Amino acid sequence: MKIAVLGAMPEEIKPLLEKLQTKKIKYANNTFYLTNYKNHEIIIAYSKIGKVNSSLSATIMIEKFKAEILLFTGVAGALDENLKIGDMFYAKSLVQHDVDLTAFGHPFGYISESEHFYFADKNLIKIAENTAKKLDIKLHSGIIASGDQFISDEDKKNWIKKEFNADVVEMEGASVACVCSSLNIPFFILRAISDEAGKKAEFDFEKFVIESAEKSAIFVLKMIENI
Ligand code: SAH
C-alpha cells in the first residue's frame, strides 16, 4: 500500500528521516521523501505550517504520489485540562475553528456544501488502538479544532473549547481531513501535546516540541507495522 506520512514542521518528520533511508523529490516548492517500509511504499513530507500549506501537500501526496491512505503526525495545544504535555491524542473528528460565516446564519466552522466536522477513518483508528495496546501506550481521542492561529490566550482557548466542544487545537488537521475526505482517502490525525494553548503557550511549545513530535512520529511508524 502507498502511505503518506505528513507533518507540518521539520521537527515532526525528522525522527522518521533519521530512521529511514529515503529518496528526495523536490516538487511545488517542497521536498517529498520516498521509501519502503514493511512492504509499504511511504511518502513523507512536512507541509509548512497552516491550513493552506497542509492542503497543498496532502493533495500532492494523493494526486501526484498516489498515496492510498494518509497519516498525519505532529504536536498540538491541549484545550481539555485532562490532557497533559506529552499525551498522545488522535482526532475522531475535526473542524475549522477560524471559519466565520455567522453573518449568513451559519454556525462557526460551517461552509455551505462542505462538511462541518470531518471524521477520521474507523479502520485506521482501530489499528492505532491495537498498536497502542501492544505498546502499552494510552491514546486519548476526541475533537480537533484547526485554524491559522497559534493559540496562546486563555479567552481564545476557552472560546474554541466551548464553541466546538474541542479537546485539542492545532493548525493543519481539519484542512488535511477536508482534502482526504473529498478525495476518498482514509486518514488518521495524531498529535502529541506540546503546550496547553493558554497564556505564554509558546514557551512550553518551544520547550517540548521536539520531544512531543518524536513521540508522535515514532508511534505512526509503529502503526504502519500493523497496516
Ligand atoms: N515555531 C514556529 C511556529 C509553530 S506554530 C515558527 O516559528 O514558525 C505551532 C505548530 O504546532 C503548528 O503546526 C500547529 O499545528 C501546532 N500547535 C502546537 N500548539 C499549538 C497551539 N497552541 N495553537 C495552534 N497550533 C499549535
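Residues numbered from 1 in each chain as written. Predicted model: local features only at pLDDT ≥ 70, side-chain atom pairs only at ≥ 80, totals over all residues. Heavy atoms only, no water.

Caption draft 1: Structural detail: the packing of aromatic side chains. Enumeration over the complete set of coordinates arrives at five aromatic pairs. Considering the side-chain rings of Phe150 and Phe205, the 5.6 Å spacing of their centres and the 75° angle between planes classify their relative orientation as edge-to-face. With a gap of 55 residues between them, Phe150 in the loop between β8 (139-146) and α4 (154-164) and Phe205 in helix α6 (residues 201-225) connect regions that are remote in the sequence. Since its relative accessible area comes to 16%, Phe205 is described here as buried. Where Trp159 meets Phe164, the ring centres are 5.7 Å apart and the plane angle is 85°; that geometry is what we call edge-to-face. On the basis of relative accessibility, which here comes to 29%, the residue Trp159 falls in the partly exposed class. Within the aromatic cluster, the residues linked to one another by ring pairs are Phe108, Trp159 and Phe164. The ring of Tyr27 is capped by Lys64, whose NZ or CZ atom sits 4.5 Å from the centre of that ring. A cation sits over an aromatic face here: Lys64 above Phe65, 5.7 Å from the ring centre. (Phe/Tyr/Trp six-rings, centres within 6.5 Å; stacked < 30°, edge-to-face > 60°. Helix = DSSP H or I, 4+ residues; strand = E, 2+ residues; numbered from the N terminus. Buried < 20%, exposed > 50% of the residue type's maximum accessible area, 1.4 Å probe, protein only. Lys NZ or Arg CZ within 6 Å of the ring centre and 35° of its normal.)

Caption draft 2: The environment of Ile85, seen in detail. Within the secondary structure, Ile85 sits in the loop between β5 (69-78) and β6 (88-96). Given the relative accessible area of 29%, Ile85 is considered partly exposed. With 122 residues separating them along the chain, Ile85 and Lys207 place their C-alpha atoms 10 Å apart. Once you skip the residues sitting within four places of it in the chain, Ile85 turns out to touch Ile193, Ser194, Asp195, Asp204 and Phe208. (Contact = heavy atoms within 4.5 Å.)

Caption draft 3: Region of interest: the environment of Ser47. In this fold, Ser47 is placed in the loop between β4 (40-46) and α2 (51-63). Residues in contact with Ser47, not counting those within four places in the same chain, are Leu6, Gly7, Ala8, Asn30, Asn53, Ser54 and Ser57.

Caption draft 4: Seen up close, the nonpolar core. Counting 66 residues, the largest nonpolar core has Leu70, Phe187 and Phe188 as the members making the most contacts within it. Among the elements that make up this core, the one with the highest residue count is α6 (nine residues). Among the nonpolar cores identified, the runner-up in size contains ten residues, and Leu79, Ile143, Ile160 and Phe164 belong to it. (Core = buried A, V, L, I, M, F, W, Y, C linked by side-chain atoms within 4.5 Å.)

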